[in-house]
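Here's the letter readout for the chains.
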Amino acid sequence: MMWEYILKLVILLPLVCGLMIGSLYLWRRLESRLPGQQGERMIQVRETMMLSPGLKLAVIEFDGAKLLVSVSRSGVSLVERSGQ
């Protein structure tokens, strides 16, 4: 009787742990694909593009104007402004 319990424990414990780790991994991967609820915010990030591992371009909409900014490890700088 004790051996049955140990056998079930040896089989089911890794199975349950594997299911937990697998579901957390899938949640992290699929969470980034879900559309975000931006709501009625004044600032919205419209699009981002990775240029290199340390450099990214982003289009930000603020007060009817679109701002193109460069985001790097050293900071954020305005590249172009269009709109109002």
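Definitions and cut-offs
- Residues numbered from 1 in each chain as written.
- Predicted model: local features only at pLDDT ≥ 70, side-chain atom pairs only at ≥ 80, totals over all residues.
- Heavy atoms only, no water.
- Pairing = 2+ DSSP bridges.
- Helix = DSSP H or I, 4+ residues; strand = E, 2+ residues; numbered from the N terminus.
- Salt bridge = Lys/Arg side-chain N within 4 Å of Asp/Glu carboxyl O.
- Buried < 20%, exposed > 50% of the residue type's maximum accessible area, 1.4 Å probe, protein only.
- Axes fitted to C-alpha atoms, helices over the stretch in contact; angles between N-to-C directions.

Peer 1: Go over the pairing of strand β1 (residues 43-52) with me, naming the residues and quoting the values.
Peer 2: Where β1 lies against strand β2 (residues 55-62), eight bridges are found, and the strand directions are antiparallel. Bridging from a neighbouring strand, Thr48 pairs with Ala58 of β2. The turn linking β1 back onto β2 is made up of two residues.

Peer 1: Which residues make up the pattern of salt bridges, and what values do they have?
Peer 2: Evaluation of the coordinates by the stated rule reveals one salt bridge. Arg46 is paired through a salt bridge with Glu61; the nearest N and O atoms lie 2.9 Å apart. Taken together, the residues Arg46 in strand β1 and Glu61 in strand β2 connect sequence positions 15 residues apart. According to the relative accessible area criterion, Arg46 is partly exposed, its value standing at 49%. A relative accessible area of 23% means that Glu61 is categorised as partly exposed.

Peer 1: Give me the lowdown on the sheet that holds strand β3 (residues 65-72), citing residues and values where you can.
Peer 2: What the four strands build is an open sheet, ordered β1-β2-β3-β4; its pairing is antiparallel. Strands at the two margins of the open sheet, each flanked by one partner only, are β1 and β4 (75-82). Across the sheet, the mean angle separating the axes of adjacent strands is 20° when strand polarity is ignored. Looking at chain direction, β2 and β3 are connected through eight bridges and run antiparallel. By the bridge assignment, Val59 is partnered in β3 with Leu68.

Peer 1: Now, about unusual backbone geometry: what can you tell me, with residues and values included?
Peer 2: For Asp63, which is not a glycine, the phi torsion comes out positive at approximately 55°. In this fold, Asp63 is placed in the loop between β2 and β3. Given the relative accessible area of 54%, Asp63 is considered exposed.

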